[in-house]
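# A closer look at the structure
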Amino acid sequence: MAKTRPGKRDLDSYTIKGTNKVVRAGDCVSMRPSESDTAPYVARVEKIEADNRSNCKVRVRWYYRPEESLGGRRQFHGAKELFLSDHLDVQSADTIEGKCIVHTFKNYTKLENVRPEDYYCRFEYKAATGAFLPDRVAVYCKCEMPYNPDDLMVQCDGCKDWYHPACSGVSIEQAKQLDLFVCSDCASVDVKKHQTKLTESPVMNGKLETKRQKK
């Protein structure tokens, strides 16, 4: 653990001004941006310390929004998606506006109700190089895009893969009313199987015989 500099002391917690919410190291917080028309910054608190004048500072690790990364926002990025960056900073604790929760991607997809303070993270982001960890994730549908939890997807009853309604020629309203969905690949396989069965039937291959009974 890094030593605290002379005149500074480590704190176990900090109570957000005007609230009874307590922040500790490891918590995620929303922080007031410098511009009023900008969404709050999101950070993970790494350390809390105070100087001799009781000025409280927090050492934070920033979360980046997709549009703040070098690659920019892409189609599969959800509205509440964040990247945990390697960008460390020290800020006044007074800029903390509230606490928030940054879920794992898996846990976020299980939420029944997404609250304003709910976010999720599935990538770590190297701010200097624009690199992501992991650098590969599972892709779905014909478009071969990673899953965006904001977009409706339907599962094929055949191959069990997931598809966007638009990529399958189905509207969102139609997709919501489907009791069964079969993708075009599985549908064509079913047709071929059906045709093969017809070809191999006794009638089609000439093997069907009628035997005349002897008198």
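Look up: the structure comes first, before these words.
Let us look at the structure shown here. Predicted model only: the values in this text are computed from it and were never measured. (Residues numbered from 1 in each chain as written. Predicted model: local features only at pLDDT ≥ 70, side-chain atom pairs only at ≥ 80, totals over all residues. Heavy atoms only, no water.)

### Remarks on the overall build of the protein
Helix and strand counts for the protein stand at 4 helices and 12 strands. For the protein, buried positions account for 32% of its 215 residues. Taking the contacts inside the protein whose residues are at least 6 apart along the sequence as the reference set, 50% of them involve residues at least 24 apart. Looking at the protein as shown, the accessible area adds up to about 14800 Å², and 49% of this sits on carbon and sulfur atoms. (Helix = DSSP H or I, 4+ residues; strand = E, 2+ residues; numbered from the N terminus. Buried < 20%, exposed > 50% of the residue type's maximum accessible area, 1.4 Å probe, protein only. Contact = heavy atoms within 4.5 Å. Areas by Shrake-Rupley, 256 points an atom, 1.4 Å probe, with all protein chains shown as cover.)

### Some thoughts on the pattern of salt bridges
Applying the stated criterion across every chain, the model contains 11 salt bridges. A salt bridge links Arg 73 to Glu 67; the shortest N-O distance between them is 2.9 Å. The class of Glu 67 is partly exposed, set by a relative accessible area of 45%. Overlapping salt bridges bring together Asp 10, Lys 47 and Glu 49 as one network. (Salt bridge = Lys/Arg side-chain N within 4 Å of Asp/Glu carboxyl O.)

### Let's talk about the side chain of Ser 69
One can find Ser 69 in the loop between β6 (56-64) and β7 (81-92). Ser 69 has contacts with Phe 83, Tyr 125 and Phe 132, leaving out every residue within four places of it along the chain.

### Quick word on unusual backbone geometry
Omega for the bond connecting Leu 133 with Pro 134 falls within 30 degrees of zero, at -5°, which places this linkage in the cis form. Following the sequence through the fold, Pro 134 ends up in the loop between β10 (131-133) and β11 (154-155). Positive phi, normally seen in glycine, also occurs at Cys 141, with a value near 70°. With respect to the element layout, Cys 141 can be found in the loop between β10 and β11. Under the relative-accessibility criterion, Cys 141 is labelled buried at 8%. Phi angles above zero are rare outside glycine, and Glu 144 is one such case at about 55°. By secondary structure assignment, the location of Glu 144 is in the loop between β10 and β11.

### Some words on the nonpolar core
Residues Met 31, Val 58 and Ile 96 are the most contacted members of the largest nonpolar core, which totals 20 residues. Among the secondary structure elements, those contributing two or more residues to this core are β4 (28-31), β5 (41-51), β6 and β9 (118-126). Here the element with the most residues in this core is β6; it accounts for 5 residues. Apart from the residues lying within four places of it in its own chain, the contact partners of Val 58 are Met 31, Val 45, Lys 47, Ile 48, Asp 89, Val 90, Gln 91, Ser 92, Ala 93 and Ile 96. (Core = buried A, V, L, I, M, F, W, Y, C linked by side-chain atoms within 4.5 Å.)

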